Amino acid sequence: KFKWSRADITKILVTGGAGFVGSHLVNRFYNKNHEVVVFDSLGHTSCIDRLSSKNIPIIIERLQTKEVWDKLDTDFDLIINSAAETHVDESFERPVDFIDTNILGLHYLSKYCSDTNTPLIHLSTDEVIGNGEPLYEDSMTLPTNPYSATKAGGESILHAYGYCYGLDWKIVRLNNTYGTMQFPDKLIPYFISKLQDNKKLPIHGSGKQVRFFLNVDDFVDAVEVVMDKGVNKNIYNVSTDESYNVLEVTKMICDIMGKNIDDCVEYVDDRLFQDPIYLSNSDKLRDIGWMPKRFLKETMPELIDWYTTNGDFFNK
């Protein structure tokens with residue numbers, strides 16, 4: 001019914017396009033000669049300097065602003081939704097903001113897409129499973145915090161709107177994603193900046209919580225594969241087999257930066273309702289041609305080089 005293949009897609013709107021993952025999507029498609037438009041509220045974790053060209057147009061709005069969707073009359077071949085409130089700790093303090101963006105905002109976006117016959121790729125998370133059970137695309141979601149609850153709710157919205165409004169959608173679920181230009185409230189850039197300032201690295205609980213790490217460029221590869229070969233109204237887990245606990249990642253960073261981990265860490269109270277692991281199976285995506293090509297241990301030196309060289313990136 002719709003043009004899903006990249007060969008048929010000219011104009012793409014990326015919501016949250018000035019964010020970490022969104023900007024990598026924008027830059028990939030822009031550099032492949034697609035016409036790309038960014039939709040972003042330019043909140044504190046967004047940064048237009050992430051975009052590879054100053055010629056990329058930006059709509060500065062919030063997803064949950066109904067009026068902007070009512071008056072947005074530009075035709076897009078595809079919309080990719082990477083806009084979201086994502087910080088688990090902050091979701092305990094202000095859950096209504098997460099509901100506002102991740103559910104109400106997605107409602108307005110989805111209605112716009114169904115009303116204009118625009119296909120939608122939505123970014124979700126492996127955290128919707130929550131409790132450490134294996135996660136397949138047809139698993140029951142069991143979120144354990146306000147953030148993951150809103151992302152699970154967003155998946156349900158797309159399923160319902162596809163059924164009753166004819167919305168064409170695909171969902172991609174991310175692992176812990178890393179790469180250059182990530183805001184320093186996430187583990188790797190946060191610890192690098194702390195070490196640069198000779199400050200202690202706070203380890204929550206025992207530091208033995210396990211996470212699987214996904215390079216942001218591998219994720220963009222996955223989006224391209226899902227665009228071309230993914231089945232409409234389907235979910236695809238984008239996950240790697242590369243797992244480390246927090247202490248192992250911390251030691252990796254300390255070793256490369258010439259620091260002794262025992263001198264650098266301090267143990268603090270564990271996060272509320274900390275999930276021990278997210279076991280996300282990506283066989284469905286791999287069966288249509290995707291495989292991770294980049295690995296954290298090999299990439300960490302260049303990540304540290306980027307963050308130490310661009311320490312003022314978010315303070316301009």
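To be clear, the structure that these remarks concern was listed above.
Predicted, not measured: the structure shown is a model, and the values here were computed from it.

Calculation criteria
Residues numbered from 1 in each chain as written. Predicted model: local features only at pLDDT ≥ 70, side-chain atom pairs only at ≥ 80, totals over all residues. Heavy atoms only, no water. Helix = DSSP H or I, 4+ residues; strand = E, 2+ residues; numbered from the N terminus. Polar contact = N/O pair within 3.5 Å; in protein donor to acceptor, adjacent residues only side chain to side chain. Contact = heavy atoms within 4.5 Å. Phe/Tyr/Trp six-rings, centres within 6.5 Å; stacked < 30°, edge-to-face > 60°. Buried < 20%, exposed > 50% of the residue type's maximum accessible area, 1.4 Å probe, protein only. Pairing = 2+ DSSP bridges. Axes fitted to C-alpha atoms, helices over the stretch in contact; angles between N-to-C directions. Core = buried A, V, L, I, M, F, W, Y, C linked by side-chain atoms within 4.5 Å. 1 Å grid on protein atoms, 1.4 Å probe; cavity = no way out; pocket = protein on both sides within 12 Å on 5 of 7 lines; lining within 4 Å. Points joined across faces, edges and corners; volume = space filled by probe spheres on them. Nonpolar A, V, L, I, M, F, W, Y, C, P; charged D, E, K, R; others polar.

### Description of the side chain of Gln182
Its location among the elements puts Gln182 in the loop between β8 (176-178) and α6 (187-196). Among the polar contacts made by the side chain of Gln182, one reaches the main-chain carbonyl oxygen of Thr177 at a distance of 3.0 Å. If sequence neighbours within four positions are ignored, Gln182 has contacts with Phe20, Arg50, Thr177, Pro189, Tyr307 and Phe314.

### Details of the packing of aromatic side chains
Scanning the model with the defined rule gives 10 aromatic pairs in all. Consider the rings of Phe98 and Tyr147, whose centres lie 6.4 Å apart with planes at 75°: the pair is edge-to-face. Taken together, the residues span a long stretch of sequence, with Phe98 in helix α4 (residues 95-116) and Tyr147 in helix α5 (residues 146-164) at a distance of 49 residues. Where Phe313 meets Phe314, the ring centres are 5.0 Å apart and the plane angle is 80°; that geometry is what we call edge-to-face. Here Phe313 falls in the buried class, since its relative accessible area comes to 6%. Looking at Phe314, the relative accessible area reads 22%, which means it is partly exposed. Taken together, the aromatic side chains of Phe183, Trp306, Tyr307, Phe313 and Phe314 make up a single cluster linked through ring pairs.

### What to know about the sheet that holds strand β1 (residues 11-15)
Hydrogen bonds between backbone groups are what pair the strands of a sheet, and the pairing can be parallel or antiparallel. Read from one edge of the open sheet, 7 strands run β3-β2-β1-β4-β5-β7-β11, paired in parallel fashion. In this open sheet, the two strands that pair with only one neighbour each are β3 (58-60) and β11 (234-238). In this sheet, adjacent strand axes meet at a mean angle of 20° when their direction is disregarded. Here strand β2 (residues 35-40) runs beside β3; their pairing, made up of 3 bridges, is parallel. Residue pairing for β3: Val38 is matched across the bridge by Ile58. Across the face of the sheet, helix α1 (residues 20-31) comes into contact with β1, β2, β4 (78-81), β5 (120-125) and β7 (169-174) while running at roughly 165° to β2.

### With respect to the nonpolar core
In terms of nonpolar packing, the biggest core is built from 32 residues, with Leu25, Ile80, Val172, Phe219, Val223 and Leu285 touching the most fellow members. When residues of this core are traced back to their parent elements, those giving at least two are β1, α1, β2, β4, β5, β7, α7 (216-229) and β11. Looking at this core, the element that brings in the most residues is α7, giving 8 residues. Grouped together as the second largest cluster of nonpolar side chains are 28 residues, Leu201, Ile203, Ile261 and Val265 included.

### Some remarks on the layout of surface pockets
Approximately 260 Å³ is the volume found for the second largest pocket. Elements that contribute at least two residues to the lining of the second largest pocket include exactly α6 and α11 (296-309). Of the residues forming the lining of the second largest pocket, the biggest block, 6 residues, is contributed by α6. Its residues assigned to classes, the lining of the second largest pocket comprises 8 nonpolar, 6 polar and 2 charged.

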